[in-house]
Amino acid sequence: MRRIAIRWMMIAAAAILLQACKAELYSNLDEREANMMVATLLSNGISAGRTVQKDGKLTVTVEKGQFAQAVNILTEAGLPKEQFATIGSVFKQDGLVASPVQERAQMIYALSEELSRTVSEIDGVLSARVHVVLPGNDPLQRNAVPASASVFIRHEPNLDINTLIPQIKTLVANGIAGLTYEKVSVVPVAAPVSRLARAPTELTPFLGIWVLDASMSRVIWIFGGLVAAILALAGALAYTLWRDRGRKTYQLEPISSNK
C-alpha cells in the first residue's frame, strides 16, 4: 500500500508540474482545425499540444512563456479560420413573419457568407470576404442596374494569386443568379512574411529525448521539479522505515512470571 501511495503521489506531482506550465490558447475546436494549429506552432518552434474537452471538442495549449508568440504565429497563418454563417442559420425561423426587405437582406448576407467560406477553403488563402450587391430593380424600369460583387482575399506571400483570380471570379459569378463575370472584382492582398515562420526548428537532445531549443529551459525546470519531488518522497520513505525499525529494535518484550 505504501508503494502504491508513493507512486500515485509521484504521478500527481508530475501532472501538477506539467499543467502549471500550460496555458489554453483556443478551445471548442474540431479535430482538423486543432491539428492544423498544433502543426503550425510546432513547425515554428512552439511547444504545443491538444486536450479533449467533455463535449468532444479540442483545446490547444502552449507553454505560458510562449503564449503571445503563439497567438502572433496563428494570426499570421489565418488560424483559427473565421466562422461563417450558413443559409440555414440565417433563415432560422424565430416565430415572426419577415418582411420582403428583411428576407432580401438575409438572402444577400447568406450568399456573401457562403461564398466567403468557399473561397476561404482554397489552399493558400488565409481569409476571404465576398460582398454582394443585388439592386432592387423595378420590373417596369427599362435600364436595370446589374448585380455586382467584390472579393477581398488575404493570401500567403508565396501564392501565385493571379492564376486563381479567373477561377474565383467564375465561382462567384456562377453562385449568384444574374451576376456576370465582368461584374466581379477581386482585390488580393499578400500577408507579410513572418520572421518567425522563416526561423528553422532546432532540436537539442536532453536525456535521450529531442526537445525544442525554445522549450529547453522549461523542460529543465520541470525535470528539476520532478527530481526534487522524488528526492523528497524518497527521504520521507527512508525516514519512515528508519523510525519503524527503531521502534521494533527498542521495544521491550513483557516479562512473564512463572508461579
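Residues numbered from 1 in each chain as written. Predicted model: local features only at pLDDT ≥ 70, side-chain atom pairs only at ≥ 80, totals over all residues. Heavy atoms only, no water.

Under the annotation held in an unreviewed UniProt entry, the protein chain carries the name Lipoprotein and is attributed to Phyllobacterium phragmitis. Looking at the protein chain in UniProt, the text filed under Subcellular location (unreviewed entry) is "Cell outer membrane". (UniProt positions renumbered as here; feature names shortened; annotations may be inferred.)

A. Examining the overall build of the protein chain more closely. Along the backbone of the protein chain there are eight helices and eight strands. Of the accessible surface of the protein chain, which amounts to about 17600 Å², a share of 60% is contributed by carbon and sulfur atoms. (Helix = DSSP H or I, 4+ residues; strand = E, 2+ residues; numbered from the N terminus. Areas by Shrake-Rupley, 256 points an atom, 1.4 Å probe, with all protein chains shown as cover.)

B. Representation of the sheet that holds strand β4 (residues 125-133) in the model. Sheet architecture is open: three strands sit in the order β4-β5-β6, paired in mixed fashion. What marks the edges here is a single partner per strand, and that holds for β4 and β6 (184-190). Shown here is a sheet whose adjacent strand axes are inclined to one another by a mean of 15°, direction ignored. Of the strand pairs in this sheet, β4 and strand β5 (residues 148-155) are connected by eight bridges, and their pairing is antiparallel. For Val130, the partnering residue across the bridge sits in β5 and is Val151. The sheet strands contacting helix α6 (residues 165-175) are β4, β5 and β6, and the helix crosses β6 at an angle near 135°. (Pairing = 2+ DSSP bridges. Axes fitted to C-alpha atoms, helices over the stretch in contact; angles between N-to-C directions. Contact = heavy atoms within 4.5 Å.)

C. Just the sheet that holds strand β2 (residues 48-52), in detail. Pairing is antiparallel in the open sheet, where three strands are placed in the order β1-β3-β2. The open sheet has two free edges, formed respectively by β1 (22-29) and β2, since each of these has just one partner strand. Taking the axes of each pair of neighbouring strands and ignoring which way they run, one obtains an average angle of 25° across the sheet. Relative to strand β3 (residues 58-63), β1 runs antiparallel, the two sharing five bridges. Opposite Leu29, over in β3, you have Leu58 as the bridge partner. Sheet contacts for helix α3 (residues 67-76): β1 and β3; angle to β1, the most-contacted strand, approximately 35°.

D. Structural context of the nonpolar core. One finds Val151, Ile153, Ile168 and Val172 to be the most contacted residues of the largest nonpolar core, which totals 24 residues. Only α5 (100-120), β4, β5, α6 and β6 provide two or more residues apiece to this core. With residues up to four places along the chain from it excluded, the contact list for Val172 reads Leu115, Val130, Ala149, Val151, Leu179 and Val184. Formed by 15 residues, the second largest nonpolar core is a distinct cluster that contains Ala34, Met37, Ala70 and Ile73. (Core = buried A, V, L, I, M, F, W, Y, C linked by side-chain atoms within 4.5 Å. Buried < 20%, exposed > 50% of the residue type's maximum accessible area, 1.4 Å probe, protein only.)

E. Region of interest: α6. Those residues of α6 that sit buried are Ile165, Ile168, Lys169, Val172 and Ala173. Along α6, the residues classed as buried sweep out an arc of 130° about the axis, all on the same side. For α6, the exposed residues set more than 90 degrees away from the buried face come down to Gln167 and Asn174. (Arc of directions from axis to C-beta.)

F. Unusual backbone geometry, seen in detail. If you check the backbone angles, Asn28 has positive phi at about 60° while not being a glycine. Within the element layout of this structure, Asn28 appears in strand β1. Taking the relative accessible area as the measure of exposure, Asn28 reaches 51% and is therefore exposed.

G. Main features of the pairing of β2. As paired strands, β2 and β3 are joined by five bridges and run antiparallel to one another. Looking across to β3, one finds that Thr51 is bridged to Thr59.

H. Main features of the environment of Ala48. With respect to the helices and strands, the residue Ala48 is situated in strand β2. You can call Ala48 buried: its relative accessible area is 15%. In this structure the C-alpha to C-alpha distance between Ala48 and Ala70, which are 22 residues apart in sequence, comes to 8.8 Å. Every residue in contact with Ala48, bar those within four places of it in the chain, is listed here: Val38, Leu41, Leu42, Thr61 and Val62.

I. Summary view of the pattern of salt bridges. Tallied over the entire structure, the rule returns two salt bridges. In this structure, Arg129 and Glu113 form a salt bridge, with 3.0 Å as the shortest nitrogen-oxygen distance. Of this pair, Arg129 sits in strand β4 while Glu113 sits in helix α5; the two residues are 16 residues apart in sequence, bridging distant segments of the chain. The class for Arg129 is partly exposed, based on a relative accessible area of 24%. Assessed through its relative accessible area of 4%, Glu113 is described here as buried. Measuring nitrogen to oxygen at the nearest pair gives 2.8 Å for the salt bridge that ties Arg117 to Glu114. Taken together, the residues span about one helical turn, with Arg117 and Glu114 both in helix α5 at a distance of three residues. Residue Arg117 is classed as partly exposed on the basis of its relative accessible area, which comes to 32%. (Salt bridge = Lys/Arg side-chain N within 4 Å of Asp/Glu carboxyl O.)

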